[in-house]
Amino acid sequence: VSGDDEEIQGFSTAQQLRAMNQDQNKRRVQAFCSEIAMPAREGAQKEIRHNGPTRKFVYNYTTPEITATFYTDKFMRERTFFEIWQKAAFSNLTHNINYYNDYVSPVDIMALGNYASRQERDDITYGVRLFECYPKTISEVTFSHDANEIQTFTVTFSFRYWVNYFLDRAGNIELGQSEFNQPTVKRAGGVFGGLI
């Protein structure tokens with residue numbers, strides 16, 4: 001085994017990442033997501049007082065991590081999807097860490113609904129894109145004697161920032177419009193995009 005081969009042992013292989021990124025695997029994970037939250041955002045402020053009451057100036061903003069809940073089948077294919085993604089960041093054999101751009105990816109979260117003027121049931125009514133996203137924590141899966149219990153697990157995603165597809169697109173804004181046009185936003189690379 002050459003030195004280069006030893007360095008990459010334990011990372012997800014290119015073949016595993018390609019297999020995971022097939023449309024059928026993404027669709028399965030999307031369908032098995034039982035709960036997720038739209039991301040929050042908070043303006044970080046600094047109090048400054050020149051004369052009279054203080055003013056609070058925004059100097060940065062923060063975006064807390066979000067957690068999603070997924071159902072899983074008896075083979076835990078849905079959990080394996082995220083384990084492969086997670087192993088793109090670190091090797092559990094050599095304990096090496098991969099390059100940042102090799103494991104982060106955009107993730108889209110869409111709210112669905114219908115408009116009175118259209119017959120479609122699942123129109124996109126709101127959407128956000130998480131940039132430079134990564135599954136930080138994959139929870140345990142618990143087992144019990146309850147035969148009717150569906151196995152679930154949670155995934156906590158960390159990400160750099162997010163944008164509202166509607167507000168950050170080019171053109172006029174009409175809240176609640178029935179045509180959801182994809183915005184012109186910075187496109188990040190990655191093999192895991194468009195997940196939820």
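The structure this text deals with has already been given above.
Please read all numbers here as calculations on a predicted model, not as lab measurements.

Looking at the pattern of salt bridges
For the structure shown, the criterion picks out eight salt bridges. The closest approach of N and O atoms between Arg 79 and Glu 83, which form a salt bridge, is 2.6 Å. In this pair, Arg 79 and Glu 83 both sit in helix α4 (residues 77-86), four residues apart, roughly one turn of the helix. Under the relative-accessibility criterion, Arg 79 is labelled buried at 18%. Residue class for Glu 83 comes out partly exposed when judged on its relative accessible area of 30%. Note that Arg 160 is salt-bridged to Glu 132, the shortest N-O span being 3.5 Å. Taken together, the residues span a long stretch of sequence, with Arg 160 in the loop between β7 (152-158) and β8 (161-164) and Glu 132 in strand β6 (residues 123-138) at a distance of 28 residues.

Concerning the pairing of β7
Bridge count between strand β4 (residues 66-71) and β7: six bridges; the pairing is antiparallel. Its bridge partner being in β7, Ala 68 is matched across the sheet by Val 155. In terms of strand pairing, β6 meets β7 through four bridges, oriented antiparallel. Bridging across to β7, Ile 138 finds its partner in Val 155.

The rules we used
- Residues numbered from 1 in each chain as written.
- Predicted model: local features only at pLDDT ≥ 70, side-chain atom pairs only at ≥ 80, totals over all residues.
- Heavy atoms only, no water.
- Salt bridge = Lys/Arg side-chain N within 4 Å of Asp/Glu carboxyl O.
- Helix = DSSP H or I, 4+ residues; strand = E, 2+ residues; numbered from the N terminus.
- Buried < 20%, exposed > 50% of the residue type's maximum accessible area, 1.4 Å probe, protein only.
- Pairing = 2+ DSSP bridges.

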